[in-house]
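Analysis of the macromolecular model
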Amino acid sequence: MSLRTLPLLFLNLGGEMLYILDQRLRAQNIPADKARKVLNDIISTMFNRKFMEELFKPQELYSKKALRTVYDRLAHASIMRLNQASMDKLYDLMTMAFKYQILLCPRPKDVLLITFNHLDTIKGFIQDSPAILHQVEETFRQLTEIYGALSAGEFQLIRQTLLIFFQDLHIRVSIFLKDRVQNSNGRFVLPVSGPVPWGTEVPGLIRTFNDKGKEVKKIEFKHGGHYVTAPKEGSFELYGDRVLKLGTNMYSMNRPVETHMSGASRNLASRTQESIAPNPLAKEELNFLARLMGGMEIKKPSGPEPGFRLNLFTTDEEEEQAALSRPEELSSEVLNIQATQDQQRNEELARIMGEFEVMDQPRQSASKGDDLLAMMDEL
């Protein structure tokens, strides 16, 4: 497991979240000033300096549920609100899109180009705010400084860590199904055509060398694909042609997007439901969230500006139906964890969660300590 994976996971998933929210804001004809405020607020929170400092510290990946908590809070960093069914769909789309990009990544190092594609598009979302633009560019410089000197082996370990994180997710997405890059069981189709990774040759030739390093034999073979040489390497500079299209905004044209849980995923969810017994990693995850969320600066709405609800489904009826059909094990109730933590950490979480107060949201009844979200809300 690579200790340098978390920043790439967070930034790419965050980029996908912004793509989806931008598309839904346009599809629901949200007034331009409100849509701009939502995107600016989320981007500003996401790229907050203290938050980035905590994120870039070497650390192991934590559970999907712990990370889901962070995105739940992040999505509600402005005047926009999502109910649970829409938040579930948003997270499904985010994770499946980035999983697809990692699977098709030509070289392990190209995960950095995917990240830069997300950052490039995010910069395009920022309007009338040089300070927020500076935050994003500062994060770009951190990425270049930290990841620019990593070896191919280290990038391979990062890619492997990401694939392990996503390996049990097989949620069907309508865009992928229509483009025939995903099968009906939720698994992706890997192409056998297109450019080969930069610095490699088109397959089809075996060379044999003698003990002096001289080529003595060539054998050609049919590889069954339609490969071409990569035209050039993508740019790793602040501004430049990334060449690679993975990580760009696939929602730039309005297309309805639906998600469906495959049968295999439903069965897996039932088998892997987290036990209510204390998790040995629960304490670490709680500390992780405390540090991570403590770095987020949530700007509370100032003045009488009303909030609004965003629906990731075509109609309210579809959203209600999705909420009913969602497997209970995959809901956003985040962590089963005992609340018998020391008083100092409880006070710290109370301070942190005070900054994440979501206005005008009905509170669900839950006893203290039932799960991480309930525990933090009840402190």
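The model shown is predicted, which means the values in this text are computed figures rather than measured ones.

1. Some points on the overall build of the chain
- Regarding its fold elements, the chain presents 14 helices and 8 strands.
- When burial is assessed residue by residue, the chain has 49% of its 379 residues classed as buried.

2. A short note on helix 5 (residues 84-104)
- In this model helix 5 runs 30 Å from its N-terminal to its C-terminal C-alpha over 21 residues, within 8% of the 30 Å that 1.5 Å per residue would give.
- By the N-cap criterion, in which a side-chain oxygen at the helix start approaches the backbone nitrogen of a residue two or three places on, helix 5 is capped by Asn 83, the distance to Ala 85 being 3.2 Å.

3. Things to note about the nonpolar core
- Among the nonpolar cores identified, the biggest contains 79 residues, and Phe 10 and Leu 90 are the most heavily contacted of them.
- Here the element with the most residues in this core is helix 1 (residues 6-27); it accounts for 12 residues.
- The contacts of Phe 10, once residues within four sequence positions are left out, are Met 46, Phe 51, Met 52, Leu 55, Val 70, Tyr 71 and Leu 74.

4. Details of the packing of helix 1 against helix 4 (residues 64-75)
- It is the contact of helix 1 with helix 4, at a shortest axis distance of 12 Å, that shows an interaxial angle of 40°. With respect to their mutual orientation, helix 1 and helix 4 come out oblique. Considering the relative orientation of helix 1 and helix 4, their crossing is right-handed. For the pair helix 1 and helix 4, contact is made by Leu 6, Leu 9, Phe 10, Leu 13, Gly 14 and Met 17 and by Leu 67, Val 70, Tyr 71, Leu 74 and Ala 75, respectively.
- Class assignment of the residues belonging to the contact of helix 1 with helix 4 gives a composition of 10 nonpolar, 1 polar and no charged.

5. With respect to unusual backbone geometry
- Phi at Asn 29 takes a positive value of approximately 55°, unusual for a residue other than glycine.
- Note that Asn 29 resides in the loop between helix 1 and helix 2 (32-46).
- For Asn 29, a relative accessible area of 65% corresponds to the exposed category.
- Notably, Val 243 is not glycine yet its phi reads approximately 65°, a positive angle.
- Looking at where Val 243 falls in the secondary structure, it is placed in the loop between strand 6 (226-228) and strand 7 (259-261).

6. So, the pairing of strand 5 (residues 215-220)
- Summarising burial for strand 5: 0 of the 6 residues are buried, a small minority.
- Relative to strand 5, strand 4 (residues 205-209) runs antiparallel, the two sharing 5 bridges. Of the residues in strand 5, the one forming a bridge with Phe 209 is Glu 215.
- Here strand 4 hands over to strand 5 after 5 residues, with Gly 213 in that stretch at a positive phi of 85°.

7. A closer look at the confidence of the model for the chain
- Scored by pLDDT, the chain has a mean of 79; 70% of the residues are at 70 or more.
- A low-confidence stretch, residues 268-280 (pLDDT under 50), is modelled with 12 contacts involving residues beyond four sequence positions or located in other chains.
- Contacts from residues 357-379, a stretch scored under 50 in pLDDT, to residues over four places away or in other chains number 47 contacts.

8. Topic: the pattern of salt bridges
- Tallied over the full model, the rule gives 13 salt bridges.
- Put simply, Arg 141 and Glu 138 hold a salt bridge, and the shortest N to O gap is 3.4 Å. One end of the pair is Arg 141 and the other is Glu 138, both in helix 7 (residues 130-147) and 3 residues apart, which spans about a single turn.
- Its relative accessible area of 37% is what places Arg 141 among the partly exposed residues.

9. Describing a nonpolar patch on the surface
- A surface patch of nonpolar side chains, amounting to about 240 Å² of accessible area, comprises Ile 206, Ile 219 and Phe 221.
- Structurally, the position occupied by Ile 219 is in strand 5.

Conventions adopted
Residues numbered from 1 in each chain as written. Predicted model: local features only at pLDDT ≥ 70, side-chain atom pairs only at ≥ 80, totals over all residues. Heavy atoms only, no water. Helix = DSSP H or I, 4+ residues; strand = E, 2+ residues; numbered from the N terminus. Buried < 20%, exposed > 50% of the residue type's maximum accessible area, 1.4 Å probe, protein only. Expected span 1.5 Å × (residues − 1). Polar contact = N/O pair within 3.5 Å; in protein donor to acceptor, adjacent residues only side chain to side chain. Core = buried A, V, L, I, M, F, W, Y, C linked by side-chain atoms within 4.5 Å. Contact = heavy atoms within 4.5 Å. Axes fitted to C-alpha atoms, helices over the stretch in contact; angles between N-to-C directions. Parallel < 35°, antiparallel > 145°, perpendicular 65-115°, else oblique. Left-handed = near helix turned anticlockwise from the far one by under 90°. Nonpolar A, V, L, I, M, F, W, Y, C, P; charged D, E, K, R; others polar. Pairing = 2+ DSSP bridges. pLDDT = per-residue confidence, 0-100. Salt bridge = Lys/Arg side-chain N within 4 Å of Asp/Glu carboxyl O. Patch = residues over 30% accessible without salt bridge, like charges linked within 9 Å, V, L, I, M, F, W, Y side chains within 5 Å. Areas by Shrake-Rupley, 256 points an atom, 1.4 Å probe, with all protein chains shown as cover.

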